[in-house]
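# Chain and residue survey
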Amino acid sequence: MDTIASLFSFITTPVSWVIVQFHSVYGAIFGPDTGWAWGLSIVSLVILIRICLIPLFVKQIKATRAMQTLQPEMKKIQERYKNDKQRQSEEMMKLYKETGTNPLSSCLPILAQSPFFFALYHVLNGIASGDTIGVINDKLLESAQKAHIFGAPLAAKFTDGQAKVEALGASLTDVRVVTAIMIVLMSASQFFTQRQLMTKNVDTSVKTPFMQQQKMLMYVFPVMFAVFGINFPVGVLVYWLTTNVWTMGQQMYVIRNNPTPGSKAQAAYLERLYKHVTHNGKTRRRSERTIIKAIVAKGRDRNEAERKFINGLTKAGLAAQADGNVVKSDGQTVVQTEDGTTTTSAAAAAAAKRQQPKRQSKSQRQSGGPKAAGETTSLSKSDEPEDAKPSGAAQQAASKPGAGGRSKAQSGQRKGGPQRPKSPSKK
């Protein structure tokens, strides 16, 4: 541990100074030797560090989203060059360079707070060993050793023996119970944080090895925290439990307000956004306009939840603009179709235009059966021209039996116009 402490000695003094400043504030309220004063100092240190890491957390979100977007392309590269690992690595690096993605960006918050973690560990370990660290002098060291959190000394560990725990003024049972509860809470918060990321904020339409790795980490990280937690002092457990709770709350906020496209969280968010926009007739927040702008820019590449959102706005007489704003659509009224669903007049007209007449069967075409809709039928009897109608005498002749020959003879007469008079017969 001395080697690790020497590597992070440049940050040990600032961390100890911050703890002392917070202790002076809380000590005036709860007493300088109480566990509340020292415990809240550690919690305040965590909050301060995490606030400073918010810009890195934003970069982590963007990097994670970019990696999720690249998963289909990465899978294609892996399948194409599965027998050539070197070429596969070269194509992966080329893909990262073209898209401006850095896989290590998702680890930035963890890497950034690691120096603070080891510095705090070294400070609390020095308190347990009776060594002054940084700006913590002998008086503050004695005050910290007297501080107990729920009966457990600030510098006690789960693996400490009876003699060491009694030297810190506590019982071994209290130390074991308090540290065990904190280790369980620390592991549970880590598991819940990873689980809500996998179940709510992952694009379920893409199945890649990256998702399998994340699912495996959901179980590996809590076990790692439980194993290493038994060697952490109570003060470090307070630090790590606080940072896990902060991460969980921060991630819940991001999942609710800026979900991953294609995830269950996005479907729930767009449903809430649809109700909000249709009620107010417009968007109010900048984050809402950013989401709508990205959906409009996708065009035909929208997922199911995004198409449902855009169609819902159209049915409500609204239109999403390219800048993310929502306005009332011009010249479109909401109508109800035969199947009971609602749509706009323009959409209904387009649907009617796309309808095609039913195709006749072969028997219908041969027998002159019913025509398809929109097809013109043959002229009826009443629609025939007058010169095409037979005269009354011809009709009577046709109705008499044996009139077929005479009707045939008449058919040889001239069509239309005056007929040639018959010559008188010679007797």
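Quick summary incoming for the structure in this document. These figures come from a predicted structure and were not determined experimentally.

Here we come to the overall build of the protein. A tally of helices and strands in the protein yields 18 helices and six strands. Expressed as a percentage of its 427 residues, the buried residues of the protein come to 36%. The contacts of the protein with a sequence gap of at least 6 include a subset with a gap of at least 24, amounting to 60%. By element, 57% of the accessible surface of the protein is carried by carbon and sulfur atoms, the whole surface being about 27000 Å².

If you look at soluble globular proteins, the nonpolar side chains tend to sit buried side by side. Counting 48 residues, the largest nonpolar core has Leu120, Ile127 and Tyr239 as its most contacted members. For this core, the secondary-structure elements that each account for two or more residues are α2 (9-30), α3 (35-52), α6 (108-129), α7 (138-146), α9 (172-200) and α11 (234-257). Of all the elements, α6 adds the most residues to this core, at eight residues. When sequence neighbours within four positions are dropped, the list of residues in contact with Leu120 reads Val15, Ile19, Ile42, Leu45 and Tyr239. Membership of the second largest hydrophobic core comes to 13 residues, among which are Leu270, Val277, Ile291 and Leu318.

Moving on, we get to the packing of helix α13 (residues 286-298) against helix α14 (residues 304-315). Interhelical geometry of α13 versus α14 gives an angle of 100 degrees and a closest axis separation of 11 Å. Between α13 and α14, the angle falls in the class roughly perpendicular. Where α13 approaches α14, its residues Ile292, Ile295 and Lys298 are matched on the opposing element by Glu306, Phe309 and Ile310. Of the residues that constitute the contact of α13 with α14, the class distribution is four nonpolar, no polar and two charged.

For any pair of aromatic rings, the description consists of the separation of the ring centres together with the inter-plane angle of the planes. Counted according to the given criterion, the structure contains four aromatic pairs. Ring centres of Phe191 and Tyr219 lie 5.8 Å apart, and the angle between their planes is 50 degrees; on these two criteria the pair is classed as tilted. On the criterion of sequence distance, the pair formed by Phe191 in helix α9 and Tyr219 in helix α10 (residues 209-229) is long-range, its members being 28 residues apart. Its relative accessible area of 48% is what places Tyr219 among the partly exposed residues. Measuring from centroid to centroid gives 6.0 Å for Tyr239 and Trp240, while their planes differ by 35 degrees, and the two rings are tilted. Of the two residues, Tyr239 and Trp240, neither departs from the other in class, the shared state being buried. Following the ring pairs from residue to residue traces out a cluster consisting of Phe225, Tyr239 and Trp240. Cation over ring: Arg176 sits above Phe158, and NZ or CZ is 5.1 Å from the ring centre.

Here we come to the environment of Ile61. Tracing the chain through its elements places Ile61 in helix α4 (residues 54-80). Counting along the chain gives 199 residues from Ile61 to Thr260, while the straight-line C-alpha distance between them is 9.6 Å.

Moving on: the environment of Met224. Turning to its location among the elements, Met224 is positioned in helix α10. Between the C-alpha atoms of Met224 and Ser187, which are 37 residues apart in sequence, the distance is 8.3 Å.

This paragraph deals with helix α5 (residues 85-99). When the terminal C-alpha atoms of α5 are compared, their 21 Å separation across 15 residues agrees well with the 21 Å that a helix rising 1.5 Å per residue should span. Of all the positions in α5, only Gln88, Glu91, Met92, Leu95 and Tyr96 are classed as buried. The arc that holds the buried residues of α5, viewed along the axis, is 140 degrees, so those residues lie on one side. Exposed and facing more than 90 degrees away from the buried side of α5 are Gln86, Met93, Lys97 and Glu98. Immediately beyond the C-terminal end of α5, within one or two residues, lies Gly100, with a positive phi of roughly 70 degrees.

The rules behind each value
- Residues numbered from 1 in each chain as written.
- Predicted model: local features only at pLDDT ≥ 70, side-chain atom pairs only at ≥ 80, totals over all residues.
- Heavy atoms only, no water.
- Helix = DSSP H or I, 4+ residues; strand = E, 2+ residues; numbered from the N terminus.
- Buried < 20%, exposed > 50% of the residue type's maximum accessible area, 1.4 Å probe, protein only.
- Contact = heavy atoms within 4.5 Å.
- Areas by Shrake-Rupley, 256 points an atom, 1.4 Å probe, with all protein chains shown as cover.
- Core = buried A, V, L, I, M, F, W, Y, C linked by side-chain atoms within 4.5 Å.
- Axes fitted to C-alpha atoms, helices over the stretch in contact; angles between N-to-C directions.
- Parallel < 35°, antiparallel > 145°, perpendicular 65-115°, else oblique.
- Nonpolar A, V, L, I, M, F, W, Y, C, P; charged D, E, K, R; others polar.
- Phe/Tyr/Trp six-rings, centres within 6.5 Å; stacked < 30°, edge-to-face > 60°.
- Lys NZ or Arg CZ within 6 Å of the ring centre and 35° of its normal.
- Expected span 1.5 Å × (residues − 1).
- Arc of directions from axis to C-beta.

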